[in-house]
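Chain by chain, the residues:
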Amino acid sequence: MASVDECRQALRDLAARLDRHAEMQGRIDLDRTLACRITDLDTAFHGRIAGGRLVDLTDGDDPKAKIALSTTSDDLVALVHGQLDVGRAVTSRRVSIKANPFDLMKLRKLL
């Protein structure tokens, strides 16, 4: 099981990757709050996706987040580091993403 610090770092790594992607591919019209819930650690992080970037990342849950991702600590780390395919993780229910369909289509461009 990954630690809270490893999950926090994985999300920072994801934010850095999204920054690079936004610089190369241009902005994506998506401005939504995001919650990432780590089920096996009973912890959460939240932030905002703005223009294809993950910003304002901090500890704690945001129950009103427009996009909510739930997964285990190991699966979060594996997703961020490319060891777990997000499509397969969602279909196998290792990862749950709650968002409206239009936001999901835009998220696919980021991941």
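Residues numbered from 1 in each chain as written. Predicted model: local features only at pLDDT ≥ 70, side-chain atom pairs only at ≥ 80, totals over all residues. Heavy atoms only, no water.

**Student:** What is the right way to read helix H4 (residues 101–110) from this model?
**Tutor:** An α-helical turn contains 3.6 residues, so any two residues separated by three or four positions project in the same direction. Every buried residue of H4 is accounted for by Asp103, Leu107 and Leu110. Within H4, the buried residues cover an arc of 45° as seen down the axis, which keeps them to one side. Exposed side of H4, more than 90 degrees from the buried face: Pro101, Phe102, Met105, Arg108 and Lys109 are the residues found there. Of the residues flanking the start of H4, the one acting as N-cap is Asn100, its side-chain oxygen 2.9 Å from the backbone nitrogen of Phe102. (Buried < 20%, exposed > 50% of the residue type's maximum accessible area, 1.4 Å probe, protein only. Helix = DSSP H or I, 4+ residues; strand = E, 2+ residues; numbered from the N terminus. Arc of directions from axis to C-beta. Polar contact = N/O pair within 3.5 Å; in protein donor to acceptor, adjacent residues only side chain to side chain.)

**Student:** Can you walk me through the packing of helix H1 (residues 4–25) against helix H2 (residues 73–80) in this structure?
**Tutor:** Packed helices, taken two at a time, are described by the angle their axes make and the gap between the axes. Contact geometry for H1 and H2: axes closest at 9 Å, N-to-C directions at 25°. Between H1 and H2, the angle is such that the two are roughly parallel. The way H1 lies across H2 gives a crossing that is left-handed. Residues Glu6, Cys7, Ala10, Leu11, Asp13, Leu14 and Arg17 of H1 form the contact with H2, whose participating residues are Ser73, Leu76, Val77 and Val80. (Axes fitted to C-alpha atoms, helices over the stretch in contact; angles between N-to-C directions. Parallel < 35°, antiparallel > 145°, perpendicular 65-115°, else oblique. Left-handed = near helix turned anticlockwise from the far one by under 90°. Contact = heavy atoms within 4.5 Å.)

**Student:** I keep staring at the side chain of Thr71 and nothing clicks. Help me out?
**Tutor:** Following the sequence through the fold, Thr71 ends up in strand S4 (residues 67–71). One polar contact links the side chain of Thr71 to the main-chain carbonyl oxygen of Arg94, over a distance of 3.0 Å. Filtering out sequence-adjacent residues up to four positions away, Thr71 remains in contact with Arg37, Ile38, Thr39, Leu76, Arg94 and Val95.

**Student:** Sorry, what's going on with the state of the cysteines here?
**Tutor:** Each disulfide consists of one covalent bond between the sulfur atoms belonging to two cysteines. Tallied over the entire structure, the rule returns zero disulfides. Left unpaired, Cys7 is separated from the closest cysteine sulfur, that of Cys36, by 7.4 Å. (Disulfide = S-S within 2.5 Å.)

**Student:** Even after reading the chapter, I still don't get the pairing of strand S1 (residues 31–38), so can you show me in this structure?
**Tutor:** Within a regular strand, side chains alternate between the sheet's two faces. Inspection of the sheet shows S1 paired to strand S2 (residues 43–50) by eight bridges, in the antiparallel sense. Residue pairing in the sheet places Cys36 in a bridge with Phe45 of S2. Here S1 folds back onto S2, and the loop between the two strands holds four residues, one of which, Asp42, carries a positive phi near 50°. Where S1 and S4 come together, five bridges link them in parallel fashion. (Pairing = 2+ DSSP bridges.)

**Student:** Honestly, the nonpolar core in this entry has me stumped. Any pointers?
**Tutor:** Among soluble globular proteins, nonpolar side chains are generally buried collectively. Judged by nonpolar contacts, the single largest core of 27 residues is most densely connected at Ile49, Leu54, Leu76 and Leu110. At the level of secondary structure, the elements contributing two or more residues to this core comprise H1, S1, S2, S4, H2 and H4. Here this core gets six residues from one element, more than from any other, and that element is H1. In contact with Leu76, other than residues within four places in its own chain, are Cys7, Leu11, Cys36, Ile38 and Thr71. (Core = buried A, V, L, I, M, F, W, Y, C linked by side-chain atoms within 4.5 Å.)

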